[in-house]
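The chain contents come next:
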Amino acid sequence: MDSGWARARGLAIKAALLIGGALLLKRLTKSTTRWDHTRLVADSLCGEKNSKGQAVRDPDHYFNLRLITCPAAEMVDGSKVLYFEQAFWRMPQKPFRQRFYMVKPCQKEMKCDVEVRTYAIRDMEEYKNFCDRPKDQRPLPDEVIGDIAEHLTTIYLKRCERGKRCLYEGSTPPGGFPNSWNGAAYCTSELAILKNNEVHGWDKGYDDEANHVWGVKEGPYEFKPAPVSSFSDMSSPLNQAPLLSFEKRIEGSFVLQE
């Protein structure tokens, strides 16, 4: 009788282990949904980042820029609306680029996971330094949605293959999107999300004959999360170059506020 009980007990334990293992395996192998990817991309884009390291390595082609992004609203369908602005690190209160990002899953029939749409803002002055303000001093989510203006670009992101440094990468479709700044006919954008919330972005403009007319040529900007004490570097010579030199070089590097 004791041996029968022991055998039954052993079978019960074995069955429990098999069931538990199966449940764990199911949890580990459960496919990540596109909404999960959307949340991961939106979270990775948010925060304060800068390109200081790149500017130190190659000051002839890259500026030390401050990029800051934060949640601004959520659409009825769950799409995340983020506010984004870019400025020279020494002049964070004067952004030269302000946009809304709308982050949402790609349609099922598309070969991508997440799309990042860029929109103009109706009243950019009202949103200047949005992320640096207390939340009660920012436009409300309903106001944000009402201030989403013309669609500018869409980048389609896919999960990176194993072994690559990135988590997600993608670009605008072939042919890019219309753009008229500095003689351009269209523009293209590339975006990569890396571990530790590092973001690489590369925007370029071309004329009707596919000649490169704006945007850095050497490679994407590399934005890494800014340490809390980073503003102590504001007096660095890297951030104190004469304004004239900035103006001469800026045409080949960025699209300023239109």
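About the criteria used
Residues numbered from 1 in each chain as written. Predicted model: local features only at pLDDT ≥ 70, side-chain atom pairs only at ≥ 80, totals over all residues. Heavy atoms only, no water. Helix = DSSP H or I, 4+ residues; strand = E, 2+ residues; numbered from the N terminus. Buried < 20%, exposed > 50% of the residue type's maximum accessible area, 1.4 Å probe, protein only. Contact = heavy atoms within 4.5 Å. Areas by Shrake-Rupley, 256 points an atom, 1.4 Å probe, with all protein chains shown as cover. Disulfide = S-S within 2.5 Å. Salt bridge = Lys/Arg side-chain N within 4 Å of Asp/Glu carboxyl O. Pairing = 2+ DSSP bridges. pLDDT = per-residue confidence, 0-100. Core = buried A, V, L, I, M, F, W, Y, C linked by side-chain atoms within 4.5 Å. Phe/Tyr/Trp six-rings, centres within 6.5 Å; stacked < 30°, edge-to-face > 60°. Lys NZ or Arg CZ within 6 Å of the ring centre and 35° of its normal.

1. Digging into the overall build of the protein
- On a plain count of helices and strands, the protein comes out with 6 helices and 12 strands.
- Relative to its full complement of 258 residues, the protein shows a buried share of 43%.
- Put simply, 56% of the contacts in the protein that link residues at least 6 apart link residues at least 24 apart.
- Accessible surface, the protein as shown: approximately 14,900 Å² in total, 55% of it carbon and sulfur.

2. Topic: unusual backbone geometry
- If you check the backbone angles, Asn-197 has positive phi at about 65° while not being a glycine.
- If you trace the backbone, Asn-197 turns up in the loop between strand E9 (186-194) and strand E10 (199-206).
- Overall, Asn-197 belongs to the partly exposed group, its relative accessible area being 33%.
- For Ala-210, which is not glycine, the phi torsion reads 65° and is therefore positive.
- Among the secondary structure elements, Ala-210 is positioned in the loop between E10 and strand E11 (212-214).
- Classification of Ala-210 by relative accessible area gives partly exposed; the value is 46%.

3. A look at the state of the cysteines
- Using the criterion set out here, one finds 3 disulfides in the structure.
- A sulfur-sulfur separation of 2.1 Å characterises the disulfide bridge that pairs Cys-70 with Cys-131. Because the torsion about its S-S bond is -90°, the bridge between Cys-70 and Cys-131 counts as left-handed. Taken together, the residues Cys-70 in strand E2 (residues 65-74) and Cys-131 in the loop between helix H4 (124-127) and helix H5 (141-146) connect sequence positions 61 residues apart.
- Residue pairing for Cys-160: its cysteine sulfur links by disulfide to Cys-166, the two sulfurs lying 2.0 Å apart. Given an S-S torsion of about -120°, the disulfide between Cys-160 and Cys-166 has left-handed geometry.

4. Concerning the pattern of salt bridges
- For the structure on display, the rule yields 12 salt bridges.
- Its salt-bridge partner being Arg-57, residue Glu-222 comes within 3.0 Å of it at the nearest N-O pair. Taken together, the positions of Glu-222 in strand E12 (residues 221-225) and Arg-57 in helix H3 (residues 52-57) put the pair 165 residues apart, joining distant regions of the chain.
- Here Lys-80 and Glu-74 are joined by a salt bridge, their closest N and O atoms 3.1 Å apart.
- Taking relative accessible area as the criterion, Glu-74 reaches 47% and is therefore assigned partly exposed.

5. Quick look at the environment of Leu-40
- Its location among the elements puts Leu-40 in helix H2 (residues 34-45).
- For Leu-40, a relative accessible area of 45% gives the class partly exposed.

6. Here's the deal with the pairing of E12
- Direction of pairing for strand E1 (residues 47-50) relative to E12: antiparallel, over a ladder of 2 bridges. By the bridge assignment for E12, Asn-50 is matched with Lys-224.

7. Here we look at the confidence of the model for the protein
- The share of residues in the protein with pLDDT of 70 or more is 76%, and the mean pLDDT across the chain is 84.
- Within the model, pLDDT remains below 50 along residues 15-29, and this stretch shows 0 contacts once partners closer than five positions in the same chain are excluded.
- With pLDDT under 50 throughout, residues 234-258 is counted as low confidence; its partners more than four residues away or in other chains account for 61 contacts.

8. As for the nonpolar core
- If you look at the biggest cluster of nonpolar residues, it comprises 27 residues, and the most contacted ones within it are Val-41, Leu-45, Val-103, Val-116, Leu-157 and Leu-191.
- Apart from residues no more than four positions distant in its own chain, Leu-191 is found in contact with Leu-45, Val-116, Ile-155, Leu-157, Tyr-168, Glu-169, Gly-170, Val-199 and His-200.
- Ala-73, Tyr-83, Tyr-127 and Ile-148 belong to the second largest nonpolar core, which has 15 residues in total.

9. Points about the packing of aromatic side chains
- Using the criterion set out here, one finds 12 aromatic pairs in the structure.
- Taking the centre distance of 6.2 Å and the plane angle of 25° together, the rings of Tyr-83 and Tyr-127 count as stacked. Of this pair, Tyr-83 sits in strand E3 (residues 80-88) while Tyr-127 is found in helix H4, placing the two residues 44 residues apart along the sequence. For the residue pair Tyr-83 and Tyr-127, the accessibility class agrees, reading buried in each case.
- On the basis of an interplanar angle of 45° and a centroid distance of 5.3 Å, the ring pair of Phe-88 and Phe-96 is categorised as tilted. This pair shows no difference in class: Phe-88 is buried, exactly as Phe-96 is.
- Counting every residue linked through ring pairs, the aromatic cluster contains Tyr-83, Phe-100, Tyr-127 and Phe-130.
- Over the ring of Phe-130 we find Arg-138; its NZ or CZ atom is 5.0 Å from the centre of that ring.
- Taking NZ or CZ as reference, Lys-204 lies 3.7 Å from the ring centre of Trp-202, over its face.

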